[in-house]
Amino acid sequence: MTTLAPPVATWDDVLGQDAAVRSLRSALAGDQVAHAWLVVGPSGVGQRELARALAAALNCPVSDDPATGCGTCSTCERIARGTHPAVLDFEPEGQFHVVDAVRGDWIPAATRTMTEGRRKVLRIVAADRMNEGAQNAFLKVLEEPPASVVWLLDVEEDGLLLDTIVSRCRRIDLVPWTPDAMATLAAQLGIPHEDRAARVRAAMGSPDRLRDLADPELAEARWRHLAIVAELAERGPGAVVPMAKELVAWSRGRSAALKEAHLGEMERLEEAYGVERDKGWPPGVKQRLTKRFERLERQEQRRALEMLLDDLASYLRDLLAVHAGADAATLVNIDHEAALARDAERLDVVDVVAGLGAVERCREAFERNGAPELQLERLLLAISLPLYRP
Ligand SMILES: [Zn+2]
């Protein structure tokens, strides 16, 4: 069962980023929140939580501390769930953010009058993936910023953005998580003690990935993905087509489950807005939410496929380490040591390197929106051919 991202809307939820939290809180306390911030750091280390906490602080009608929201009122709660109009995330739909997204989604969102709340936090996920046209269109927005908008531009590095954009933003840096912080999160997520070390290792410093691995369905999916080489070896060449179908069906199932969760969320909001009792939805809200949810559902399938590729690539990378005679302590998948030793007998170094190349080609094909079954078949075939060599 897929659930929506866990509600987070206070600074306490932004773990492991003390310096960034301090500078945002002091900007809030001094009423000096810049209209645009460049949030520089590896993806998935707290960007979403930071945006939510900032939006709550700017919009909470209850808290008497300007630097933080109360975390419990209806405004904070909806901000935490990402269903309040004061917080919006813009993710790239394909490989890049394009000018149509800037003109069709971002600018309308920035200029729309707020029906509730005081200031909107508009977060551009992977802002360094704006293509040139998008950057030029966005620059015009930054030159005449609407007073009610705070932009957060998430980037892994600032070098890919126009200097004219960077110079109009205040910068905050997010840092990768330490193993200690990851271990603390693993405990908070309720990952069983005996699995913690292995999952922290498999998450490779990404708390988002660790959260995924705390989801039993995704943890199980990881085992399946890491067993692909063995499954191909044992089931024989005839397995390629059905396996590709099953794996894609799983990714579609993730998206369908999220759709279920979104329907529940819409019902909950209908109740909160009193749609049944009186006037109906506030203008435009239902359309915007529906559009946002549909986008998230499309992204969920993509994310599931990317997870598959990440798992497979990490397994192949471990196989290379085994071939190189590396210490078990250097493996990403320390809970698969025996399987790795066995599969290293099945695939030699050249095969593994070719397999890694095939994973990357598949990733690029997904980014171009290539038909996933076909692309996965190609990938599985490339990995399986050396397994059936006489
Ligand atoms: Zn509040």
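These figures come from a predicted structure and were not determined experimentally. (Residues numbered from 1 in each chain as written. Predicted model: local features only at pLDDT ≥ 70, side-chain atom pairs only at ≥ 80, totals over all residues.)

## Section: the pairing of strand β4 (residues 149–155)
Heads up, the rule is: Any residue surrounded by 20 or more other C-beta atoms within 10 Å of its C-beta is treated as buried, while 12 or fewer makes it exposed and the intermediate range makes it partly exposed; C-beta atoms here are placed from the backbone. Per the convention used, a helix needs a DSSP run of H or I reaching at least four residues, while a strand needs a run of E reaching at least two, with both numbered from the N terminus. Any two strands with at least two DSSP bridges between them are considered paired.
For β4, the buried fraction is high: six of the seven residues fall into the buried class. Bridge analysis of strand β1 (residues 36–40) against β4 gives five bridges, and the strand direction is parallel. Within the sheet, the bridge partner assigned to A36 lies in β4 and is W151. When strand β3 (residues 120–124) meets β4, the two strands line up parallel, connected through five bridges. The residue of β4 that forms the bridge with R123 is L152.

## With respect to the packing of helix α13 (residues 285–323) against helix α15 (residues 349–367)
Think of two packed helices as two axes; the pair is described by the angle between the axes and how far apart they sit. We apply this condition: Under this scheme, a helix contributes an axis fitted over its contacting stretch, all axes are lines through C-alpha atoms, and angles between N-to-C directions fall in the 0 to 180 degree range. Orientation labels follow simple angle bins: below 35 degrees gives roughly parallel, above 145 gives roughly antiparallel, 65 to 115 gives roughly perpendicular, and whatever is left gives oblique. Should the near helix be turned anticlockwise from the far one by less than a right angle, the crossing is termed left-handed; should it be turned clockwise, right-handed. Placing a C-beta atom from the backbone of each residue, one calls two residues in contact when those atoms lie within 7 Å. Gly counts as polar in this scheme, as do all residues outside two lists: the nonpolar Ala, Val, Leu, Ile, Met, Phe, Trp, Tyr, Cys and Pro, and the charged Asp, Glu, Lys and Arg.
Running from amino to carboxyl end, α13 crosses α15 at an angle of 165°, the nearest separation of the two axes being 10 Å. Taken together, α13 and α15 sit at an angle that is classed as roughly antiparallel. Remark: the crossing between α13 and α15 carries left-handed chirality. From α13, R302, L305, L309, L312, A313, L316, L319, L320 and H323 reach across to α15, where they touch V349, V352, G355, L356, V359, C362, R363 and F366. Residue composition of the contact of α13 with α15, grouped by class: 13 nonpolar, two polar and two charged.

## Observations concerning helix α10 (residues 216–226)
Inclusion rule: Each direction from the helix axis to a C-beta atom contributes to the arc, which is the arc of those directions.
Within α10, burial applies to A221, R222, H225 and L226. Angular distribution of buried residues about the axis of α10 spans 130°; they occupy a single face of the element. Away from the buried face of α10 by more than 90 degrees, exposed residues P216 and E220 are located. Residues of α10 that are buried make contact with α9 (207–214), α11 (228–235), α12 (240–273) and α13.

## Remarks on the sheet that holds strand β2 (residues 87–90)
The strand order across the open sheet built from five strands is β2-β3-β4-β1-β5, with neighbouring strands paired in parallel fashion. Where the open sheet ends on each side, the last strands, each with one partner, are β2 and β5 (170–173). Shown here is a sheet whose adjacent strand axes are inclined to one another by a mean of 20°, direction ignored. Contacts between helix α4 (residues 99–111) and the sheet are confined to β2, β3 and β4, with β2 contributing the most and set at about 170° to the helix.

## Points about the pairing of β1
The element β1 is largely enclosed, with a buried count of five among its five residues. Of the two faces of β1, the one lined by A36, L38 and V40 and the one lined by W37 and V39 are each fully buried. Where β1 lies against β5, four bridges are found, and the strand directions are parallel. Pairing of L38 across the sheet is with R171, part of β5.

## Section: the domain arrangement of the protein
As a reminder, the rule being used: An automatic or database domain assignment supplies the residue ranges for each domain.
For the protein, the assigned domains are domain 1 (11–176) and domain 2 (215–388). Taken together, the five residues of domain 1 in the interface contact seven residues of domain 2. Looking at side-chain class alone, the side of domain 1 that touches domain 2 contains no nonpolar, four polar and one charged residues.

## Re the nonpolar core
Using the following cut-off: Take the buried Ala, Val, Leu, Ile, Met, Phe, Trp, Tyr and Cys residues, join any whose C-beta atoms are within 7 Å, and the set you get is a nonpolar core.
Residues V39, L54, A55, V121, L152 and L153 are the most contacted members of the largest nonpolar core, which totals 59 residues. Element by element, the count of residues in this core is highest for helix α2 (residues 47–59), at eight residues. Sequence-distant contacts of L152, defined by excluding residues within four places in its chain, comprise W37, V39, A51, V121, R123 and I124. In this structure, A304, L308, V352 and I383 belong to the second largest nonpolar core, which totals 28 residues.

## As for the environment of L347
Considering the arrangement of structural elements, one finds L347 in the loop between α14 (337–346) and α15. Once residues within four sequence positions are removed from consideration, L347 is found in contact with V229, L319, V352, G355 and P386.

## Some remarks on unusual backbone geometry
In this structure, D31 takes a positive phi of about 55° despite not being glycine. We note that M204 has phi near 45°; this positive angle belongs to a residue other than glycine. Looking at where M204 falls in the secondary structure, it is placed in the loop between α8 (193–203) and α9. The partly exposed category is assigned to M204, around which 14 C-beta atoms lie within 10 Å.

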